[in-house]
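Tertiary structure, described
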Amino acid sequence: MSTVAPTIDTQTQKSSNGKDGDVLVSVRGLKKHFPITSGIILQRTVGHVKAVDDVSFDVYRGETLGLVGESGCGKSTTGRTILQLYRPTAGSVQFEGQELSTMKGEELRKMRKRMQMIFQDPFASLNPRMSVGRIVSEPLRIHKTVPRNQMQEFVENLLERVGLNPYFINRYPHEFSGGQRQRIGIARALALNPSFIVADEPISALDVSIQAQVVNLLQELQEEMNLTYLFIAHDLSMVRHICNRVAVMYLGKIVELGPTDEVYDNPLHPYTQALLSAVPVPDPIVEKQRQRIILTGDVPSPANPPIGCNFNTRCPVALEPCFHEPDPPLIEHTPGHWAACHRVL
Amino acid sequence: METLMEVKNLVTRFYTQEGTVYAVNDVSYVLEEGETLGVVGESGSGKSVHALSIMGLIPSPPGKVENGEVIFRGRDLLKLPSDEMRLVRGAEIAMVFQDPMTSLNPVLTIGSQITEALKLHKGMSNREANHRAAELLELVGIPDAASRLNNYPHQFSGGMRQRVMIAMALSCDPKLLIADEPTTALDVTIQAQIIELVKRLKEEFGMAIIWITHDLGVVAGISDNIQVMYGGRIMERGSVEAVFGDTRHPYTLGLLESLPRLDEESGVREKLHQIEGSPPDMRIEPVGCPFAPRCPYVLDKCWEQQPPLEPGEGSEANHLKACWVDVRTAEPNPVVAEEGVA
């Protein structure tokens, strides 16, 4: 058992987690605090929302890492801070060994070619005044990776690759259904041939019968283009299906991290246990036999987290030290399976 | 079991500038007293509009219930004058909506919103109503209930607001509770709290429940019977065990196969089964089976004739399906997804 003071060495050793142990993105001590201001003209900072509070993990090349948790737990902020869409308050984000958090301007823009994002809401993330062709080619025009005379052909190929008819290149987003729009968003993300994609709830706005289509597409593209995904989601069943490893977040911190089947079959943290037991299974026979751990109360505000372990206000098994000792560190219990809880030994 | 409500040939349409929306197309079913019916469907399947039609809450114009009867305890709700319908709504049939923030009035206290129904329907005095409201809040698990009556909706979290909505809905001891996606806006641990609460309240109050959702997992856990809707029609209906265990409609089958399961090792299925194509455009007048364009078992006559909702061969008498094909024996064909623009 080793404690986390996660240097890259301690985590790369556990190559059993990732597909080949080759780290693509390395996050260390990442914090993102948003100021709360008060006053109309003279704004004073009266506190901070600790959206992401000291998060460390690695993403291995070629894997899909799931990031799960309830709304407000900081999973989307983590994804955006990694991509430097928000600049971190503290901590480091390394992409292929290069530090992103101190990069600026042109240097950072060059890195952006390598990492892209797929957004949740396919209705809000596409400009309604731009044709599909312009939306998908915008990154190409900014980064000038494709000569202008080959642009049309390139975009048509991309559309075909994500399962859209290239004939639609001049149509506008409102002419498409939700699933088709999400495909446009995926084509845009792939245009620069990135190696890392943050997919922020890419299927939760879609109808049930469309979700499988998009998930299958993401998996095919991963194989074809050797992509690495950070898959942010709250649908725990889907995460089990597509992720190699999963990280569970609660109130800005990772409480458990490990290979997906390992975490689902043998959850260590009481929050993970409750979260998994709360997910309904589409099978009446299984449902009748399941024992649910019902958590009381709500998630505390990240502006004012509890003293001690963040989960102590809802934890069914909290002990006395959980209320005054500092936050439990993320500890590796079995190879590659980490949990942050005083109760797990 | 006594029949509580019978819905017959319900047809609801919306006449909009972009054309007529055929939202509910000939829906008929019987609800027993004390039954929990799960209504499952995707957006546009008509599951919510059918419930609003029962409650007489379809905005008109543009909407109109064009046909049908809703016989609730001997009276046709669709023919009741609006002042009599008001006495049914909230007292005999109550409804809980998806978004607890938009369905509570932000400028009135929780107490005044709960007591409104008690005073109107039960003729209680202010003091009696306040007392009852505090009891109700306690019943739905809101701590320190009496003092929270003076709070406003924004002082409650999402899960707590949904509890308030449930307390309001149950205030007059309704015979039927219609819950329209009551947990969709909530986190999964809060959803589990609300489901547990509704199960407990059902044992206490004994009301029938229509639980509308898109989540097959949720209905599997709470329903006696389930009803799968698509394109404004009922595709399959039966006991929850029969529909999940002896599925007879290609749409239900496709949905169940497309869902990943929490209790299934990752990588067991390399790819998820996918239903090709998109849900139907409800602005096109339905001819034949609405699922035909996406159905792997489709026959020529599916395009022209809507199959009746009746028991399949060898299935339970109350297990109904609307399909010409017997999915147990028929061979599926690959569906070529239609390359259309919505």
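Looking at the overall build of chain A
What chain A contains, in helices and strands, is eleven helices and twelve strands. Taking the principal axes of its C-alpha atoms as reference, chain A extends roughly 70 × 60 × 45 Å. Out of the 345 residues belonging to chain A, those deemed buried represent 57%. Across chain A, every contact between residues at least 6 apart in sequence was considered, and the portion connecting residues at least 24 apart equals 63%. For chain A, the accessible surface area stands at approximately 14,600 Å², while carbon and sulfur atoms represent 50% of it. One finds the centroid of the 35 positive side-chain charges in chain A at a distance of 8 Å from the centroid of its 36 negative side-chain charges.

Some remarks on unusual backbone geometry
Residues and elements named next belong to chain B. Of note, the amide linkage connecting Ser-60 to Pro-61 takes the cis form, showing an omega dihedral of -10°. Relative to the assigned elements, Pro-61 resides in the loop between helix H1 (47-55) and strand E4 (63-72). Put simply, Pro-61 and Pro-62 share a cis peptide bond, and its omega is 10°. As for its placement among the helices and strands, Pro-62 is situated in the loop between H1 and E4. Positive phi values are uncommon outside glycine, yet Glu-181 reaches one of about 50°. On the secondary structure map, Glu-181 appears in the loop between strand E7 (176-180) and helix H7 (188-205).

Brief notes about the nonpolar core
Formed by 68 residues in total, the largest nonpolar core has its most connected members in A:Ile186, A:Leu190, A:Leu221 and A:Leu236. Element by element, the count of residues in this core is highest for helix H7 (residues 208-225) of chain A, at eight residues. Grouped together as the second largest cluster of nonpolar side chains are 36 residues, B:Val140, B:Leu149, B:Ile195 and B:Ile209 included.

Notes on the sheet that holds strand E8 (residues 228-233) of chain A
Residue and element names in this part refer to chain A. The strand order across the open sheet built from eight strands is E6-E7-E8-E3-E9-E10-E12-E11, with neighbouring strands paired in mixed fashion. Strands at the two margins of the open sheet, each flanked by one partner only, are strand E6 (115-118) and strand E11 (331-334). Neighbouring strand axes in the sheet, compared pairwise and without regard to direction, differ in orientation by 20° on average. In the sheet, strand E3 (residues 64-68) pairs with E8 via five bridges, with the strands oriented parallel. Along E8, the bridge assignment pairs Val-68 with Ala-233. Contacting E3, E6 and E8, H7 runs over the sheet at an angle of about 160° to E8.

A word on the packing of aromatic side chains
All names here are of chain A. Tallied over the full model, the rule gives ten aromatic pairs over all chains. For the ring pair Tyr-167 and Phe-168, a centre distance of 6.2 Å and an interplane angle of 55° mean the geometry is tilted. Note on Phe-168: relative accessible area 4%, which makes it buried. Both rings, one in Phe-168 and one in Phe-176, keep their centres 5.6 Å apart while their planes meet at 70°; by these two values the pair is edge-to-face.

Regarding helix H6 (residues 178-190) of chain A
When the terminal C-alpha atoms of H6(A) are compared, their 19 Å separation across 13 residues agrees well with the 18 Å that a helix rising 1.5 Å per residue should span. Of all 13 residues that make up H6(A), 13 are buried, and the element is covered over most of its length.

Considerations on the pattern of salt bridges
Residue and element names in this part refer to chain A. What the rule picks out here adds up to 31 salt bridges over all chains. Glu-175 is the salt-bridge partner of Arg-171, the closest N and O atoms lying 3.8 Å from each other. Judged by its relative accessible area of 21%, Glu-175 falls in the partly exposed class.

Observations regarding a nonpolar patch on the surface
Residue and element names in this part refer to chain A. There is a patch of nonpolar side chains on the surface, built from Ile-40, Ile-41 and Leu-42 and spanning about 460 Å² of accessible area. For Ile-41, the location among the structural elements is in the loop between strand E1 (23-38) and strand E2 (44-60). For Ile-41, a relative accessible area of 78% corresponds to the exposed category.

Observations regarding the pairing of strand E7 (residues 196-200) of chain A
All names here are of chain A. Burial analysis of E7 places five of its five residues in the buried class, the great majority of the element. Going residue by residue along E7, you find Phe-196, Val-198 and Asp-200 tucked away on one face and Ile-197 and Ala-199 tucked away on the opposite face as well. Where E6 lies against E7, four bridges are found, and the strand directions are parallel. From the neighbouring strand, Met-117 faces E7, where its bridge partner is Val-198. Running through H7, the crossover from E7 to the neighbouring parallel element E8 is right-handed.

Quick look at the pairing of strand E1 (residues 3-16) of chain B
Residue and element names in this part refer to chain B. Of the strand pairs in this sheet, E1 and strand E2 (residues 19-32) are connected by eleven bridges, and their pairing is antiparallel. Opposite Thr-3, over in E2, you have Glu-32 as the bridge partner. Taking the residues between adjacent antiparallel strands as the criterion, E1 and E2 are bridged by two residues. In the sheet, E1 pairs with E4 via eight bridges, with the strands oriented antiparallel. Within E4, the position partnered with Lys-8 by the bridge is Glu-69.

What about empty space enclosed by the protein?
Where empty space is left in the structure can be found by rolling a water-sized probe over the atoms. Residues and elements named next belong to chain B. One pass over the full model with this rule turns up six cavities of 30 Å³ or more. Computed from the structure, the largest cavity encloses a volume of approximately 70 Å³. His-249, Pro-250, Cys-289, Phe-291, Ala-292, Cys-295, Val-298, Cys-302, Pro-307, Ala-322, Cys-323 and Trp-324 are the residues that line the largest cavity. Along the lines of polarity and charge, the residues of the lining of the largest cavity split into eleven nonpolar, one polar and no charged.

Points about the environment of B:Ile222
Residue and element names in this part refer to chain B. Within the fold, Ile-222 resides in helix H8 (residues 216-222). Judged by relative accessible area, which is 15%, Ile-222 ranks as buried. As for Ile-222 and Thr-36, which are separated by 186 residues in sequence, their C-alpha atoms are 7.3 Å apart. When near neighbours in sequence (up to four residues on either side) are disregarded, Ile-222 contacts Thr-36, Ile-195, Lys-199 and Trp-211.

The rules behind each value
- Residues numbered from 1 in each chain as written.
- Chains lettered and ligands numbered in written order.
- Predicted model: local features only at pLDDT ≥ 70, side-chain atom pairs only at ≥ 80, totals over all residues.
- Heavy atoms only, no water.
- Helix = DSSP H or I, 4+ residues; strand = E, 2+ residues; numbered from the N terminus.
- Buried < 20%, exposed > 50% of the residue type's maximum accessible area, 1.4 Å probe, protein only.
- Contact = heavy atoms within 4.5 Å.
- Areas by Shrake-Rupley, 256 points an atom, 1.4 Å probe, with all protein chains shown as cover.
- Lys, Arg positive; Asp, Glu negative; His and termini not counted.
- Charge placed at Lys NZ, Arg CZ, Asp CG, Glu CD.
- Core = buried A, V, L, I, M, F, W, Y, C linked by side-chain atoms within 4.5 Å.
- Pairing = 2+ DSSP bridges.
- Axes fitted to C-alpha atoms, helices over the stretch in contact; angles between N-to-C directions.
- Phe/Tyr/Trp six-rings, centres within 6.5 Å; stacked < 30°, edge-to-face > 60°.
- Expected span 1.5 Å × (residues − 1).
- Salt bridge = Lys/Arg side-chain N within 4 Å of Asp/Glu carboxyl O.
- Patch = residues over 30% accessible without salt bridge, like charges linked within 9 Å, V, L, I, M, F, W, Y side chains within 5 Å.
- Right-handed = clockwise from strand over helix to strand, strands pointing away.
- 1 Å grid on protein atoms, 1.4 Å probe; cavity = no way out; pocket = protein on both sides within 12 Å on 5 of 7 lines; lining within 4 Å.
- Points joined across faces, edges and corners; volume = space filled by probe spheres on them.
- Nonpolar A, V, L, I, M, F, W, Y, C, P; charged D, E, K, R; others polar.

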